[in-house]
Amino acid sequence: ISACLVGSEMCIRDRSSTYAIRNDGALFVCGWNDEGQLGLGTRPNKNEPSFVRVGTDTDWAKAEGGGSSCFLLKKDGTLWACGESKKGIQGTNTSTSNKTPKQIGTDTDWKDMAISHFFAYNGFAIKNSGEMWGWGDNNFGRVPKATGKVIPAPIKISDDTDWEQVSTGQYQALAIKKDGTLWCWGGNFQKAVGLDTNDKVVKEITKIGTDTDWKRVRAVTTRTYAIKKDGTLWGCGENTNNIIGLNQQGDIDKFVVGFKKIEGMPGKVVDVAGDTNFTVIAVGDQDGIDSFYTWGFNYDGALGDGNGKLWDGGAGTDIPFSVTPIKVPLPEGLKYSMLAAGDAYTAVLAKNGKIYGWGRNRGGQLGQDVDIDLSLIHI
């Protein structure tokens, strides 16, 4: 899992690597670095248990980590990558891994980017012009308009110029346009593309329904969440153990086909994150995030309530599980601006610049030199 916090900005994703950008544009990292995904160059350790600064640059704007790779965006609109290069994920048109950040191409008009966070090898990015580009593994139609199994450098995947946000999971990718419409493509093996179809692959970028009020989309492993402008949360995809959050009674749908509204949310949902075994939502309003709620398995304290159990590597049948949202006991009176979650851990950014985290810390991904923390900590 790689996490990243900016301005701090924050991001947590798949391989337990964490990225934080300070208000002055400096980049700090911690956690797993087995493929050089932290961008620190050659290091003797496979993990960094405390935050370490990357270089001396002070113009970093955003970071997105996934698997053993990371994408970085600078304030000048340039796009950078570091870490593993498998299946073209670096986007640098080379099969060489990068231990320090390397620029992707020469363009200076990138606005946002997304990476497959969980066991996949795709990158997507949106330009200031609204164009959307993609690269990496092209199995199952992951890179529309591309030919070949591996796309080593970004190509334009749509002729449209009104893309606003993009997210990608283990097989699926989804994006929102400026008009509030929601679109999808890629593998649909777990029904996570959001279409009311059982087709296994969606090779063309396809519109989902007719609604024009979608605000944010988050692909989480083999399920997908989308948030509407009214703060309602919708989900589809793999639903093992009721993980999507529909809290179905009796026979539970193994797969949820097409987006379904998730009832019982404790307020307007601003953002959502998670991994295979848990989900975390941010609740708030236009002034910021007020609180966070979690559900799913409480491996290594992933739910943040202090009642988790250490995972021993087995089936984990005695791990606590909740199908209803549990409020994370954060300090009262604070407003938050960002949420990031990964492999059984979460970090959130308060508007006062402090980062709080909970859950798994086996690789130092919470920035603390301790093995594990089952309850909330201030990073």
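Please refer to the structure placed before this passage.
Computed from a predicted model, the values in this text were never measured in an experiment.

Visitor: I would appreciate a short explanation of the sheet that holds strand 14 (residues 163-168) in the present structure.
Guide: The strands that make up a sheet pair up through hydrogen bonds in the backbone, lying either parallel or antiparallel. One open sheet accounts for four strands, arranged 14-15-16-17; its pairing is antiparallel. Every interior strand has two partners, whereas the edge strands, strand 14 and strand 17 (201-207), have only one. Recorded for the sheet is a direction-independent mean angle of 15 degrees between the axes of neighbouring strands. Here strand 14 runs beside strand 15 (residues 172-177); their pairing, made up of five bridges, is antiparallel. Along strand 15, the bridge assignment pairs Q165 with I176.

Visitor: So what exactly am I meant to see when it comes to the sheet that holds strand 12 (residues 132-137) here?
Guide: Overall, antiparallel pairing links the four strands, which are arranged 10-11-12-13 in an open sheet. Both edges of this open sheet fall to strand 10 (110-115) and strand 13 (150-156), since each of them pairs with a single strand only. Between one strand and the next, the sheet's axes are offset by a mean angle of 10 degrees, whatever the strand orientation.

Visitor: Explain the side chain of N138 here, please?
Guide: In this structure, N138 sits in the loop between strand 12 and strand 13. Assessed through its relative accessible area of 12%, N138 is described here as buried. Within the local environment of N138, its side chain forms a polar contact with the backbone nitrogen of V143, the two atoms lying 3.0 Å apart. A distance of 3.5 Å separates the side chain of N138 from the backbone oxygen of A146, its partner in a polar contact. Discounting residues that sit within four places of it in the chain, N138 has contacts with V143, A146, T147, G148, K149 and I151.

Visitor: How should I be thinking about the nonpolar core in this particular structure?
Guide: Membership of the largest hydrophobic core comes to 28 residues, with the highest contact counts inside it found for F71, L79, M132, V166 and W185. Contributions of two or more residues to this core are made by strand 7 (69-74), strand 8 (79-83), strand 10, strand 11 (122-127), strand 12, strand 14, strand 15 and strand 16 (182-187). Ranked by the residues each element gives to this core, the list is headed by strand 10, at four residues.

Calculation criteria
Residues numbered from 1 in each chain as written. Predicted model: local features only at pLDDT ≥ 70, side-chain atom pairs only at ≥ 80, totals over all residues. Heavy atoms only, no water. Pairing = 2+ DSSP bridges. Helix = DSSP H or I, 4+ residues; strand = E, 2+ residues; numbered from the N terminus. Axes fitted to C-alpha atoms, helices over the stretch in contact; angles between N-to-C directions. Buried < 20%, exposed > 50% of the residue type's maximum accessible area, 1.4 Å probe, protein only. Polar contact = N/O pair within 3.5 Å; in protein donor to acceptor, adjacent residues only side chain to side chain. Contact = heavy atoms within 4.5 Å. Core = buried A, V, L, I, M, F, W, Y, C linked by side-chain atoms within 4.5 Å.

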